[in-house]
Amino acid sequence: MNDEKIRILVVDDEIGIREGCRIALNMEGYEVDMAEDGLAGLKMFEQNRNYAIALIDLKMPGMGGLELIEKIREQDKDIIMFVITAYATIDTAVEATKRGAYGYIPKPFTPDELILPIKRGIENRALSLEAKRLREERENRLLTAAFERSKSNTIIKCMTDGVLVINRDRQIVLWNEAAHRIIPGCEDLPLPVHLNAIGSSGELFDFLNETADVDSDPVIISKEVTIENSVYMVNVSPVIEAEIGTSMGTVAVFRDITALKELETAKSMFVSMVAHEVKRPLGVIEGYLNLVVSGMTGEVPPNQKEILDRSLIRARTLQTMVSELMNLTAMETGKFTIKRVPIDIVKVATDAAESCRDRAREKEIELALDYDEKAGHEPVLADRAAMMSVFVNLIDNAIKYTPEKGHVSIRVDNTGNYMKVSVRDDGIGMTPEEKDKIFEEFYRARNKFTARVPGTGLGLSVVKRFVEMHQGKISVETAPGKGSTFTVFIPKWDQAK
Ligand code: ADP
């Protein structure tokens, strides 16, 4: 309650009563205004409007007490009004209460008989004002909540991305108009509706069904889904109940990436076209350079030979880049097909190591191959050329990124479900940041050592894609100065079926 003084209006035509009330009320600390009839009382009320209590005589010349009570009540719902009268009857009491009086104080009264009901009235008024304040506050909160909800609904409705909310029972509980446009035949379905209403056998249903149980971890699961002739990136994340921290369901957002995919395909086709155009002349350049360097066209002076040797290395790097680019774009546009047949992985790893032996010898690097005796007899279902490319790339890298007189070892193991091939070196190794990026296209670690090593940054991207096309896995263990071990797992024949 605030510290403002409580104001009381006394309306009575008898001066003795008015004065008596004023003195008694002042002594209690109340402020008092007085009026000698109904009209003057109403005027005073309308001018001040801040009375907590009004004491009103019933019988006054002009406007009587009942009329005054009624007029004041019309304008102020909270004021407490007492009737003070010497002519109290049940009927007048009922009438006065009907018009808005709170109670009765019969004349004549002692100061105590006046103060006691007034104090009760003031307490009552304070309680009802507090209740009113709380009610208003609650209504305001509800209003804000309703406003917020309708604001979020409007935002969701206006989004160009499709939005779908699914509860724990796999029912769709909310979707926006963009989602209606994206998912065919769903616009007329009343909500909630079970998820299988969107077609229980499609790629989209499978994805939403699988992700419906994601728990409370903040996670986003993404998948590209084709619906009618458009491609969408669908991002699913759990809807977390703030108070208990568990998931109430999931929200799926559909972003149309058709144009992006078309651009990507156009880029891949362009790169592939350029690579094809460049490949043949590059082969010719390399052939001629080889011819000259080998001395078949006449003796080459040592200073020119050095230049030609370097040109030959560059031409070879460019050729590798061109074929890796061609492989990558073929994979991206889905034109790359692998032919998987049962093959002996030990044999492929041995052939890959042999094809790198000359390069190892040039750097006096020891190249060793070792395998589990049983492994060779357990075939994997794989494309031989693709596997060859994987191992040649890994062994070649191990040689490239290991200083002279280092060691590279290849080990093949049978792990039960997979054949595991590890390529280990004791070379320069990688920092954790470098390790995280090596499978990205065109990424090359930049340091003093790698600056002298020719490379394209494409080899490991091709390796990873080949391994994944075989439902395999690739991992790396490495530390700067401690060497690296690349491990490839390829499912065994019976597992791959
Ligand atoms: P690059 O043609 O550059 O060798 P890759 O895609 O094969 O391209 O490899 C990407 C990068 O990963 C390399 O540039 C190098 O920084 C790092 N890297 C790959 N293999 C090794 C390794 N065995 N030891 C240290 N770093 C390596």
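All values derive from a computational prediction rather than experimental measurement.

(A) Representation of a nonpolar patch on the surface in the model. Residues Phe270, Met273, Val274 and Val278 make up a contiguous nonpolar surface patch of about 350 Å² in total accessible area. Within the secondary structure, Val278 sits in helix α8 (residues 258–293).

(B) Examining the domain arrangement of the chain more closely. Along its sequence, the chain is organised into domain 1 (7–133), domain 2 (159–256), domain 3 (257–334) and domain 4 (337–497). Its C-alpha centre places domain 2 at a distance of 40 Å from the equivalent point of domain 4.

(C) Molecular detail of the side chain of Glu324. By the secondary structure assignment, Glu324 is in helix α9 (residues 302–332). Buried Glu324, no salt bridge; nearest opposite-charge side chain is Lys400, N-O distance 7.2 Å. Here Thr456 takes part through its side chain, which lies 2.9 Å from a polar atom of the side chain of Glu324. Ignoring anything within four residues of it in the chain, the contact list for Glu324 reads Asn393, Thr456, Leu458, Gly459 and Val462.

(D) Spotlight on the sheet that holds strand β13 (residues 366–371). The strand order β13-β15-β16-β18-β17 describes an open sheet built from five strands, whose pairing is mixed. Since the sheet does not close on itself, it has two edges, and those belong to β13 and β17 (473–479), each with one partner. The mean inter-strand angle of the sheet, taken between neighbouring strand axes irrespective of direction, is 10°. Relative to strand β18 (residues 483–491), strand β16 (residues 418–425) runs antiparallel, the two sharing eight bridges. From the neighbouring strand, Met419 faces β18, where its bridge partner is Ile490.

(E) Layout of the packing of aromatic side chains. Per the stated rule, a full pass over the model turns up two aromatic pairs. Ring centres 5.5 Å apart and planes at 85° place the aromatic pair Phe82 and Tyr102 in the edge-to-face group. With Phe82 in strand β4 (residues 80–85) and Tyr102 in the loop between α4 (90–99) and β5 (103–106), this pair connects stretches of sequence that are 20 residues apart. The buried category is assigned to Phe82, whose relative accessible area is 3%. Given a relative accessible area of 35%, Tyr102 falls into the partly exposed group. Aromatic pair Tyr418 and Phe489: ring centres 6.0 Å apart, planes at 85°, arrangement edge-to-face. Highlighted residues: Tyr418 in strand β16 and Phe489 in strand β18, separated in sequence by 71 residues.

(F) Region of the structure containing the site of the ligand. Neighbouring the ligand are 20 residues; Asn397, Tyr401, Arg444, Thr456 and Leu460 lie closest to it. Interatomic distance of 2.7 Å between a side-chain N/O atom of Tyr401 and an oxygen atom of the ligand. Residue Gly459 places a main-chain N or O atom 3.3 Å away from an oxygen atom belonging to the ligand. Protein burial of the ligand: of its 530 Å² of free accessible surface, 98% is covered by the chains. Secondary-structure elements contributing two or more residues to the shell around the ligand are α11 (384–400), α13 (459–469) and β18. Tallying contributions element by element places α11 first for the shell around the ligand, with three residues.

(G) Expanded view of the environment of Thr333. Along the polypeptide, Thr333 turns up in the loop between α9 and β12 (341–343). Taking the C-alpha atoms as reference points, Thr333 and Ala266, separated by 67 residues in sequence, lie 9.2 Å from one another.

(H) View of the sheet that holds strand β7 (residues 171–175). On the basis of which strands lie adjacent, the open sheet formed by six strands has the order β8-β7-β6-β11-β10-β9 and antiparallel pairing. Two strands in the sheet have a free side with no partner beyond their single neighbour: β8 (193–194) and β9 (221–227). Strand direction decides the pairing type here: β7 and β8, joined by two bridges, are antiparallel. Looking at the pairing, Gln171 lines up with His194 of β8.

(I) Region of interest: the pattern of salt bridges. Taken as a whole, this structure holds 32 salt bridges when the rule is applied. A salt bridge links Glu28 to Lys119; its shortest N-O distance comes to 3.2 Å. In this pair, Glu28 is assigned in the loop between α1 (15–27) and β2 (31–35) and Lys119 in helix α5 (residues 111–158), connecting sequence segments 91 residues apart. Exposure remark for Glu28: the relative accessible area of 36% places this residue in the partly exposed category. Residue Lys119 is classed as partly exposed on the basis of its relative accessible area of 38%. Each of Asp12, Glu14, Asp57 and Lys107 takes part in a single network of salt bridges with overlapping partners.

The rules behind the values
Residues numbered from 1 in each chain as written. Predicted model: local features only at pLDDT ≥ 70, side-chain atom pairs only at ≥ 80, totals over all residues. Heavy atoms only, no water. Patch = residues over 30% accessible without salt bridge, like charges linked within 9 Å, V, L, I, M, F, W, Y side chains within 5 Å. Areas by Shrake-Rupley, 256 points an atom, 1.4 Å probe, with all protein chains shown as cover. Salt bridge = Lys/Arg side-chain N within 4 Å of Asp/Glu carboxyl O. Helix = DSSP H or I, 4+ residues; strand = E, 2+ residues; numbered from the N terminus. Domains from an automatic or database assignment. Buried < 20%, exposed > 50% of the residue type's maximum accessible area, 1.4 Å probe, protein only. Lys, Arg positive; Asp, Glu negative; His and termini not counted. Polar contact = N/O pair within 3.5 Å; in protein donor to acceptor, adjacent residues only side chain to side chain. Contact = heavy atoms within 4.5 Å. Pairing = 2+ DSSP bridges. Axes fitted to C-alpha atoms, helices over the stretch in contact; angles between N-to-C directions. Phe/Tyr/Trp six-rings, centres within 6.5 Å; stacked < 30°, edge-to-face > 60°. Near = heavy atom within 4 Å.

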